[in-house]
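Here are the chains, one letter per residue:
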Number of protein chains: 2
Amino acid sequence: MRLANVGETVTLSGWVQRTRKMGGMTFADLRDRYGITQLVFDESKDADLCERANKMGREWVIQITGEVGERESKNKNLPTGDVEIIVRELNVLNESITPPFTIEEQSDGGDDLRMKYRYLDLRRPNVRRNLELRHKFAFEVRRYLDEQGFMEIETPVLVNSTPEGARDFVVPSRMNLGQFYALPQSPQTLKQLLMVAGMDRYFQIVKCFRDEDLRADRQPEFTQIDCEMSFVEQEDILQVFEGLSRHLFKAILNIDIPALPRMTWADAMKYYGSDKPDTRFDMKFVELMDVLKGTGEFTVFNEAEYIGGICCEGQAAYTRKQLDQLTDFVRRPQIGAKGLVYARVGEDGTVKSSVDKFYTPEVLENLKQAMNAKPGDLILIISGPDTLKARKQLCELRLEMGSRMGLRPKDKFSCLWVIDFPMYEWSDEEQRLMAMHHPFTSPKPEDIALLDTDPASVRANAYDMVINGVEVGGGSIRIHDAKLQQKIFEILGFTPEQAQQKFGFLMNAFKYGAPPHGGLAYGLDRFVSLFAGLDSIRDCIAFPKNNSGRDVMLNAPGLIDQSQLDELHLQIDLPAEEA
Amino acid sequence: MRLANVGETVTLSGWVQRTRKMGGMTFADLRDRYGITQLVFDESKDADLCERANKMGREWVIQITGEVGERESKNKNLPTGDVEIIVRELNVLNESITPPFTIEEQSDGGDDLRMKYRYLDLRRPNVRRNLELRHKFAFEVRRYLDEQGFMEIETPVLVNSTPEGARDFVVPSRMNLGQFYALPQSPQTLKQLLMVAGMDRYFQIVKCFRDEDLRADRQPEFTQIDCEMSFVEQEDILQVFEGLSRHLFKAILNIDIPALPRMTWADAMKYYGSDKPDTRFDMKFVELMDVLKGTGEFTVFNEAEYIGGICCEGQAAYTRKQLDQLTDFVRRPQIGAKGLVYARVGEDGTVKSSVDKFYTPEVLENLKQAMNAKPGDLILIISGPDTLKARKQLCELRLEMGSRMGLRPKDKFSCLWVIDFPMYEWSDEEQRLMAMHHPFTSPKPEDIALLDTDPASVRANAYDMVINGVEVGGGSIRIHDAKLQQKIFEILGFTPEQAQQKFGFLMNAFKYGAPPHGGLAYGLDRFVSLFAGLDSIRDCIAFPKNNSGRDVMLNAPGLIDQSQLDELHLQIDLPAEEA
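Below: a short report on this structure. (Residues numbered from 1 in each chain as written. Chains lettered and ligands numbered in written order. Predicted model: local features only at pLDDT ≥ 70, side-chain atom pairs only at ≥ 80, totals over all residues. Heavy atoms only, no water.)

### Focus on the interface of chain A and chain B
- Taken together, the contacts link 118 residues of chain A with 118 residues of chain B.
- Across the interface of chain A and chain B, roughly 10,500 Å² is buried in total on both sides, 61% from carbon and sulfur atoms.
- For the pair chain A and chain B, the interface holds 10 salt bridges.
- One salt bridge in this structure joins B:Arg167 and A:Glu567, with 2.8 Å as the shortest N-O distance.
- Counting across the interface, chain A meets chain B through 63 residue pairs in polar contact (both at pLDDT 80 or more).
- Examining the composition of the side of chain A that touches chain B, we find that 9 residues originate from one element, helix H4 (residues 125-147) of chain A, more than from any other.
- Residues of the side of chain A that touches chain B, tallied by class, amount to 63 nonpolar, 26 polar and 29 charged.
- Pairing of strand S23 (residues 570-572) of chain A with strand S23 (residues 570-572) of chain B involves 3 bridges; the strand directions are antiparallel. Considered in S23(B), the bridge of A:Gln571 is made with B:Gln571. (Contact = heavy atoms within 4.5 Å. Buried area = accessible area lost by both parts, 1.4 Å probe. Salt bridge = Lys/Arg side-chain N within 4 Å of Asp/Glu carboxyl O. Polar contact = N/O pair within 3.5 Å; in protein donor to acceptor, adjacent residues only side chain to side chain. Helix = DSSP H or I, 4+ residues; strand = E, 2+ residues; numbered from the N terminus. Nonpolar A, V, L, I, M, F, W, Y, C, P; charged D, E, K, R; others polar. Pairing = 2+ DSSP bridges.)

Structure, rendered in structure tokens:
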């Protein structure tokens, strides 16, 4: 309702946000899905009605009929803040006991309490808006892909357990005793079978499941936008899904994003120490081995395999205390650096660093030149015996400085493709090469010869879409040749028998005319969280689970009846301390 | 491609449907997602190319470039039948071994073989069209409901086990040992919580799960269009979802369906012996107790609790043999009638029946009048000691006659609402009243007083949408009052403790201002099957399971590693004969 509606008679239903008595008037804020409207009950006009209104408590459900009037004191914070309803009829639809926390944008309820009463938490306008955005996001994905000729095809949730990847959730089968379904970690093999089936352009917004120990931003069930195309090369896929992303930014946030730059994985690691660089700000790594290794008496650098720096513009005024905080930050076990070297560039252009005594002024001047540092800038340097680890440490430091310098606002978006991922990465745990993406990813044709001689150096036709340092999606061109697939399984350490047992249905399918194909999958929860400016994907999920995988509102998981276990012929065999 | 494209150079990719040599020419049918196109390889122009084409086998994957030409012998059965491609370049993308069945509308593959190689079965154009229709159907549902202000909200798949209803699939939790999630049979309670949360207009196209012994047209996982609204009465819901159905018929089949008639459950049982009457044809039941009970010497009728007939227009020429077949049909154990009485109305208006000797001509004339039978009609009569059972038998007979008389064409649609369902039905098995719909269904306000005195006679605010004898959807206005909900649980035989344990989270939520609400759910698989004219929902599911709940392509369910069982602390304890 707006000023244009003044004089109209309306009927509204909703929840009582709050009431207040002022003189002979009672005011109430009525909240519904669309906002807040002020209701007015005038004692002088209808004393009985006003008395009933005075009895209403917070979160009562009411229906009112009345006339739209112009407010004397307008509330500019509300879309409906110019008007009020002079109530004529009041119908209490349901009462409410006092809610355990306030139903407002800034609630006084803690996380646990709000999750237990999630149905009340969802009444908060900001939480509701997240779900509205998610609805709109998913709908626009469907609209765009439908227009591009993609078909949404549902794949089954009760599938078979696959060994590669994370741990499966399993489902005992009563009709096939002793056997289990698994819930899909992704529809990867099924969508590849749909390509073999000639479906050409497939997508699905689909729940996926991983039984992992939950980190902050993981859920045991999550939603993917899963896509696959046939008769395409990497370039086709990048074009189509860049188009989708641009459409989403425009349709939902009304933002025109520029064409997505492409960065090789090697460059992403070299300049940002991460395969998902946050490119909202520059502050690229500069490698300083030539400048600082062997050019002075600083043993740490002289023994380093990697020395890299970032230049923090205008931050030379950082105090000793602030620099100590940064040093503590990079020394935290999660980051693991031994220490931090800094250099301030004074207004006169001279360099003062924490390792002054080891280096000549010429070397420090070289450092300034290499870093392209200007007067007033702060240079921060990380080194270490392991290039990959040192780069990751420097990455964390760069992100921390970006945050401190206000260079990572949530309403600014920087998107890019990271391409040319390696096929494999070495697993210290498993002591073998693991598929970096998944075992169906195709190598770059020009690198296929290296599979026999130097598999670790083989690059894949794989790509990630990165926004603001978050990997929102990724995919690859797949192998469509049964023989090449077999070879990849070998490199991954599968015997032919194991490969046949686990992936036989796919390799068999490839014998019947598999088309060249590839695709990608977006993490819907993450993508939406990014659009909504949320810190956690939980906030855009209606009923999320906590870090123990529990839904505290439903109290799930829970015990089941013995008769259910008996029907499944299962026994629970708990360790003594848990029994 | 059409005649308008003649002369253009095109590049096509797809599968070789078949090849044939004729003189110096080789013809090949190329199949892609969009249809079949004839390719021509001319030996006189490029012998080498033609030789390579001759080597192509069925289901090879190729890419060709060539010029569109007009066919001499046009194929009117194909949209692209007027043109052919004179091929200039041939690129074999992948070979294929011989498929185990023909990839054609009418395949020579049996059901089991086609399911094992479902990725080949899906290449058949008719199967592909079913999935295309399903995609379009789901998209139009979303488009319509979005326009009506509905939000799609995803509810969790890992929930808690609920006792009422079918058997749950359960998922052992590794992080909460000894405890299990359940897969949702429907998001019923979650969508009610979303109403408590103020979400107002919710929908979701969502997978649901039931571990039931599978009948012909059931799948362990199936898809619902699940909907719920707040601040509505039954009439609002019927209007909104009638609108959705009309939209779907128009957008997908280009059919304008008339306003949906409404039939009470009592009338549906009285006139059709079914709560999902097939109203594509009339042939309503006529109750004949007044006409035939006690008016003659036929003991069967004189002892019957129910006598009912149908009038089959113009079928008086049914032979004795045909009538014997019908008698056998109703005597089958699945139907269970003792027998069948018939009466033919001759061209002169006289009635000749199988029970002539027991009745006077006046009684038979009364029968003719009651049935409103005309010369040439055939009257079929069923009777029995149990009204409900006799009606169900007569229902089967009516459907059989409808089929024989060609009154049930798949491209004719007759939709209606069945309303005013009873709240409860008696379960012989459980020896108690069971919720006919589910325990959250609200009684009609005018029947609430009967809850104490005669619960079996209480009618519910429940409704089903029926099309062509198939229940495509159903729902109800829910209880939003915690006290009434408690009372309903009592009548269903739950102790307060049991009700609290199983549904406490819902009843607790109702204390915090639950709005009046209601909704319905459509079975997407069934609805789509109906639109596609399919006999089984399997044909519109990409990867369905068989009657043992198995996916024979994936070979799921299957055995899992001992390590997986150990992590879950589960032991399998098979009965001796299965171990």
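Back to the write-up after that little detour.
### Examining the pattern of salt bridges
- In this structure the tally under the stated criterion is 89 salt bridges over all chains.
- B:Asp377 serves as the salt-bridge partner of B:Lys374, at 3.6 Å between the closest nitrogen and oxygen.
- Residues joined by salt bridges that share partners form a network here, namely A:Asp111, A:Arg114, A:Arg118, A:Asp121 and A:Arg124.

### Comments concerning the sheet that holds strand S13 (residues 306-312) of chain A
All names here are of chain A.
- Reading across from one edge, S12-S13-S16-S14-S15 is the order of the 5 strands in this open sheet, with antiparallel pairing throughout. What marks the edges here is a single partner per strand, and that holds for strand S12 (286-287) and strand S15 (351-353).
- Sheet analysis places strand S14 (residues 341-345) next to strand S16 (residues 378-384), joined by 4 bridges and oriented antiparallel. By the bridge assignment, Tyr-342 is partnered in S16 with Leu-380.
- Most of the contacts of helix H11 (residues 361-371) go to S16, to which it runs at about 100°, and overall it touches S12, S13, S14, S15 and S16. (Axes fitted to C-alpha atoms, helices over the stretch in contact; angles between N-to-C directions.)

### Quick notes on the pairing of S14(A)
Residues and elements named next belong to chain A.
- In terms of burial, S14 is largely enclosed, as 4 of its 5 residues are buried.
- The pairing of S14 with S15 spans 3 bridges and is classified as antiparallel. Paired with Arg-344 across the two strands is Lys-352, which belongs to S15.
- Once S14 ends, the chain turns through 5 residues before running back antiparallel as S15, passing Gly-349 with a positive phi of about 90°. (Buried < 20%, exposed > 50% of the residue type's maximum accessible area, 1.4 Å probe, protein only.)

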